[in-house]
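Below, each chain spelled out in residue letters.
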Amino acid sequence: MMNFIYLFFKPLKQKNKVTFVSRQSNTETLDFRMLRENIENNSSLQVDVLCKKLDKGVGNTFGYFLHMFSQMHSFATSKVIVTDSYCILLSILRHKKNTACIQTWHALSAVKKFGCETVGREDGSSEVVATEMKMHHNYDYVLCSSDVTAEYFCKGFGCTKNKITKIGLPRIDYINQRKPDIRKAIFRKYPELEDKNKKNIIYVPTMRRGRGVDVNGIIDRLDFNRFNLVVRLHPLEIDNESYEKREGVIYDNDFLSYDMLEVADIVISDYSSFVVESSLRDIPLFLYIYDVNEYGKYNGLNMDFESEAIGKYAFRNCDEMISSFDSAYDMDALRTFRKKYVDIDMADCTKQLSEFIERLVYEN
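Please read these numbers as outputs of a predicted model, since none were measured by experiment.

The rules behind the values
- Residues numbered from 1 in each chain as written.
- Predicted model: local features only at pLDDT ≥ 70, side-chain atom pairs only at ≥ 80, totals over all residues.
- Heavy atoms only, no water.
- 1 Å grid on protein atoms, 1.4 Å probe; cavity = no way out; pocket = protein on both sides within 12 Å on 5 of 7 lines; lining within 4 Å.
- Points joined across faces, edges and corners; volume = space filled by probe spheres on them.
- Nonpolar A, V, L, I, M, F, W, Y, C, P; charged D, E, K, R; others polar.
- Salt bridge = Lys/Arg side-chain N within 4 Å of Asp/Glu carboxyl O.
- Buried < 20%, exposed > 50% of the residue type's maximum accessible area, 1.4 Å probe, protein only.
- Helix = DSSP H or I, 4+ residues; strand = E, 2+ residues; numbered from the N terminus.
- Phe/Tyr/Trp six-rings, centres within 6.5 Å; stacked < 30°, edge-to-face > 60°.
- Lys NZ or Arg CZ within 6 Å of the ring centre and 35° of its normal.
- Patch = residues over 30% accessible without salt bridge, like charges linked within 9 Å, V, L, I, M, F, W, Y side chains within 5 Å.
- Areas by Shrake-Rupley, 256 points an atom, 1.4 Å probe, with all protein chains shown as cover.
- Pairing = 2+ DSSP bridges.

### A closer look at empty space enclosed by the protein
Phase 1 of the analysis: Tallied over the entire structure, the rule returns 1 cavity of 30 Å³ or more.
Phase 2 of the analysis: The wall of the largest cavity is formed by Thr 104, Ala 107, Leu 108, Leu 143, Cys 144, Ser 145, Phe 153, Ile 167, Gly 168 and Leu 169.
Phase 3 of the analysis: Taken together, the residues of the lining of the largest cavity sort by class into 7 nonpolar, 3 polar and no charged.

### Side note on the pattern of salt bridges
Phase 1 of the analysis: Inspection of every chain in the model, using the stated rule, returns 25 salt bridges.
Phase 2 of the analysis: Measuring nitrogen to oxygen at the nearest pair gives 2.6 Å for the salt bridge that ties Glu 28 to Arg 36.
Phase 3 of the analysis: The class of Glu 28 is partly exposed, set by a relative accessible area of 30%.
Phase 4 of the analysis: The residue Asp 343 makes a salt bridge to Lys 166 at a minimum N-O spacing of 2.9 Å. One end of the pair, Asp 343, is in the loop between helix H14 (331-341) and helix H15 (349-363); the other, Lys 166, is in the loop between strand S6 (164-165) and helix H7 (170-176), with 177 residues separating them in the sequence.
Phase 5 of the analysis: On the accessibility criterion, Asp 343 (32% relative accessible area) is partly exposed.
Phase 6 of the analysis: We classify Lys 166 as partly exposed; its relative accessible area is 35%.
Phase 7 of the analysis: Residues joined in a network through salt bridges with shared partners are Glu 28, Arg 33, Arg 36, Glu 37 and Glu 40.

### Side note on the packing of aromatic side chains
Phase 1 of the analysis: Summed over all chains, the structure comprises 21 aromatic pairs.
Phase 2 of the analysis: Seen in terms of ring centroids, Phe 227 and Phe 325 are 5.8 Å apart; in terms of plane orientation they differ by 65°. Their pairing is edge-to-face. Of this pair, Phe 227 sits in strand S8 (residues 227-231) while Phe 325 is found in the loop between helix H13 (318-324) and H14, placing the two residues 98 residues apart along the sequence. Like Phe 227, the residue Phe 325 is buried in the burial classification.
Phase 3 of the analysis: Note on Tyr 271 and Tyr 295: the rings are 4.3 Å apart at their centroids and 20° apart in plane angle, and the pair reads as stacked. With Tyr 271 in the loop between strand S10 (266-269) and helix H11 (274-278) and Tyr 295 in helix H12 (residues 292-298), the pair connects residues that are 24 residues apart, well separated along the chain.
Phase 4 of the analysis: One aromatic cluster in this structure is built from Trp 105, Phe 114, Tyr 139, Phe 153 and Phe 157.
Phase 5 of the analysis: Above the plane of the ring of Tyr 174 lies Lys 179, whose end atom (NZ or CZ) is 4.4 Å from the centre.
Phase 6 of the analysis: Its end group placed over the ring of Tyr 251, Lys 245 keeps NZ or CZ at 5.1 Å from the ring centre.

### Remarks on a nonpolar patch on the surface
Phase 1 of the analysis: On the surface, Met 1, Phe 62, Phe 65 and Leu 66 cluster together into a nonpolar patch covering about 440 Å² of accessible area.
Phase 2 of the analysis: With respect to the element layout, Phe 62 can be found in helix H3 (residues 58-76).

### Some details on the pairing of strand S3 (residues 80-83)
Phase 1 of the analysis: Taking every second residue as pointing to the same face, both faces of S3 are buried, with Val 80 and Val 82 on one and Ile 81 and Thr 83 on the other.
Phase 2 of the analysis: Of the pairings in the sheet, the one linking strand S1 (residues 17-22) to S3 comprises 4 bridges and is parallel in character. Paired with Thr 19 across the strands is Ile 81, a residue of S3.
Phase 3 of the analysis: Across 4 bridges, the pairing between S3 and strand S4 (residues 100-103) is parallel. The partner of Thr 83 across the bridge, within S4, is Gln 103.

If you want it as structure tokens, here you go:
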């Protein structure tokens, strides 16, 4: 049906235009904003940004259905389409032959299995849905930050290696930038983080889909005379009232996780790609993987942290992890881990990707 409707849009003339489309949020994502600004400042290309989540509920579903008409118009009039997620119409529609589709994905690597790898798993799509919705079809290029990640992406997107393009995401530039204004803004909102007698721990766990995150286990064991704890929960976990409130514990939802690296002395994470992204900043990284066996059954994991270069900092036991905070950190191990998953040229990734998109527009 959607392909039939699309037939009425396809005769529209293509422009020197790129469309960014995402289901990650209802607002422009960081990567898309940085790309859009760079393209608008350095080229004559037209840019459309279409960001809308497909939330549950009849009203939300109908709203997304109407949004699809905007997508079809923009796709038909663009020479390049860029997505950072699974976009239904990008995958199921039969696009014009000279339309290039780029998958940038919303993570630097793939700690956990995703997409085609999770079909049939408890936290994945069913085989029927994946087949009927042509999950992750139509990509001409898949962006990737390392050869190792390329293997994960080929499996997750069900694509061949000839579609892999090693260019970094704009967020690499953002993470690597020092942001004194944001640092000051964080201290204004949370003045306790400026206490030089305490270390700031940033805990960024991945979502467990209703199974909860062990925040309280860390809180119960941490010495708040020596540490502050900033917890950056997944948006779907934020309203969980079971998480303990205590002096020295901050549940932040006002700043990006990347922003919190400006004030972090220690990072704790788990199966989130934030482990790779935060490694760019040379901040001691600890992996709290207390539920690794259970999580692996639900979703599946690509990385075996305990066999990685930073395996000595992967902990199933909270007491052992906290005790290790006082030992000298092996930064060489962290850098070895980072190099394995980010082996690209990191000099101005935003510019590199913008120029790649521009070349595709004019080639088509």
